[in-house]
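Each chain, letter by letter, is given below.
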Amino acid sequence: TEVMGTSDFSYRTGDMTGPGFITAGDAYAFLDPIFSTGVWLAMRGGAGAADTVARCLQHPGRSKRYLRRFARREERVQRHFRRLIQYFYDPGFTDVFLRPVNAFGLRRAVGTYVSGALPQRLGPRLRLEIVLTVARLQPRLGLVPRLELPQTLAPSGA
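Structure report, in brief. None of these values were measured; they are calculated from a predicted model. Residue numbering note: each chain is counted from 1, following its sequence as written. Owing to the predicted nature of the model, reporting of local features is limited to residues with pLDDT of at least 70; listing and counting of side-chain atom pairs is limited to 80 or more, with chain, interface and lining totals taken over all residues. Neither water nor hydrogens contribute to the side-chain values; these are computed over all heavy atoms in the structure.

The next thing to look at is the overall build of the protein chain. The helix and strand labels rest on DSSP assignments: H or I over at least four residues marks a helix, E over at least two residues marks a strand, and numbering proceeds from the N terminus. Of the regular secondary structure elements, the protein chain holds five helices and four strands. Starting at the N terminus, the α and β elements of the protein chain follow one another as β-β-β-β-α-α-α-α-α. The contact criterion used throughout is that any non-hydrogen atoms of two residues lie within 4.5 Å. For the protein chain, restricting intrachain contacts to residue pairs at least 6 apart in sequence, the fraction spanning at least 24 positions comes to 62%. Summing over all exposed atoms, the protein chain offers an accessible surface of approximately 9,900 Å²; the carbon and sulfur share of this is 58%. Using a 1.4 Å probe, the Shrake-Rupley method yields the accessible areas, and only the shown protein chains count as cover for residues.

Structural data, given as structure tokens:
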């Protein structure tokens, strides 16, 4: 048969927290396994959920605040990786990602993110933004040579 493919298996449930419940890991969201961050995200989310539940049990009057804080923190992390996965399926990002330039430490910044780390410092985050900006401009300006992929390997939309 003809070779076919599918992409982006990501999903996200509704609320992460609520009265009497908290979700973490794949129970809350799953990101396409492109960058192998799934186990890290699940373990991180599970540890954060356990800590949050313990705090809620110790201080029931503060539960809403603890749950809100947990949800904000986890959503921020999920948003960063979801964004990278959305870019991964964009042909401009593929051109830039597969031909990395190491000026300003850009290669390391991308490598840090795709390995599952979430840098807290401004420098690595700005470097990643540079890479994503170049990827957005790539289709219009051709900043790096276009990567020709066989049609069966081309990301959707290519």
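Working note: α-helix, 3.6 residues per turn, so residues spaced by three or four point in the same direction. Among the residues making up helix α4 (residues 106-114), those that are buried are Leu106, Ala109, Val110, Tyr113 and Val114. Each buried residue of α4 sits inside an arc of 125 degrees when the element is viewed along its axis, so together they form one side. On its buried face, α4 sits against α2 (63-88), α3 (91-97) and α5 (122-141). Burial classes follow relative accessibility: with a 1.4 Å probe on protein chains only, a residue under 20% of its type's maximum area counts as buried, one over 50% as exposed, and anything between as partly exposed. The arc in question is the one traced by the directions running from the helix axis out to the C-beta atoms.

On to the pattern of salt bridges, then. A side-chain nitrogen of Lys or Arg and a carboxyl oxygen of Asp or Glu constitute a salt bridge if their distance falls within 4 Å. Per the counting criterion, the structure on display carries five salt bridges. Its salt-bridge partner being Asp51, residue Arg55 comes within 3.1 Å of it at the nearest N-O pair. With Arg55 and Asp51 both in helix α1 (residues 38-58) and four residues apart, this pair spans about one turn of that helix.

Helix axes are fitted only over the stretch in contact, all axes being lines through C-alpha atoms; the angle between N-to-C directions runs from 0 to 180 degrees. It is the contact of α1 with α2, at a shortest axis distance of 9 Å, that shows an interaxial angle of 170 degrees. Comparing their axes, α2 and α1 come out roughly antiparallel. Every residue of α2 that contacts α1 at Trp40, Leu41, Arg44, Gly45, Gly48, Ala49, Thr52, Arg55 and Cys56 is listed here: Ser63, Tyr66, Leu67, Arg69, Phe70, Arg73, Glu74, Val77, Gln78 and Phe81. Split by residue class, the contact of α1 with α2 holds nine nonpolar, five polar and five charged. If an angle is under 35 degrees, it is roughly parallel; if it is over 145, roughly antiparallel; if it lies from 65 to 115, roughly perpendicular; otherwise it is oblique. Amino acid classes used here: Ala, Val, Leu, Ile, Met, Phe, Trp, Tyr, Cys and Pro are nonpolar; Asp, Glu, Lys and Arg are charged; the rest, including Gly, are polar.

Here, nonpolar core means buried Ala, Val, Leu, Ile, Met, Phe, Trp, Tyr and Cys residues that are tied together by side-chain atoms lying within 4.5 Å of each other. By size, the foremost hydrophobic cluster in this structure holds 19 residues, and its most contacted members are Phe81, Leu84, Phe93, Leu128, Val131 and Leu132. With five residues, the top contributor of residues to this core is α2. Setting aside anything within four residues of it in sequence, one finds Val131 in contact with Phe93, Val96, Leu106 and Val110. If you look at the next biggest cluster of nonpolar residues, it comprises six residues, including Met16, Ala29, Phe70 and Ala71.

No statement about biological role is implied by the geometric values presented.
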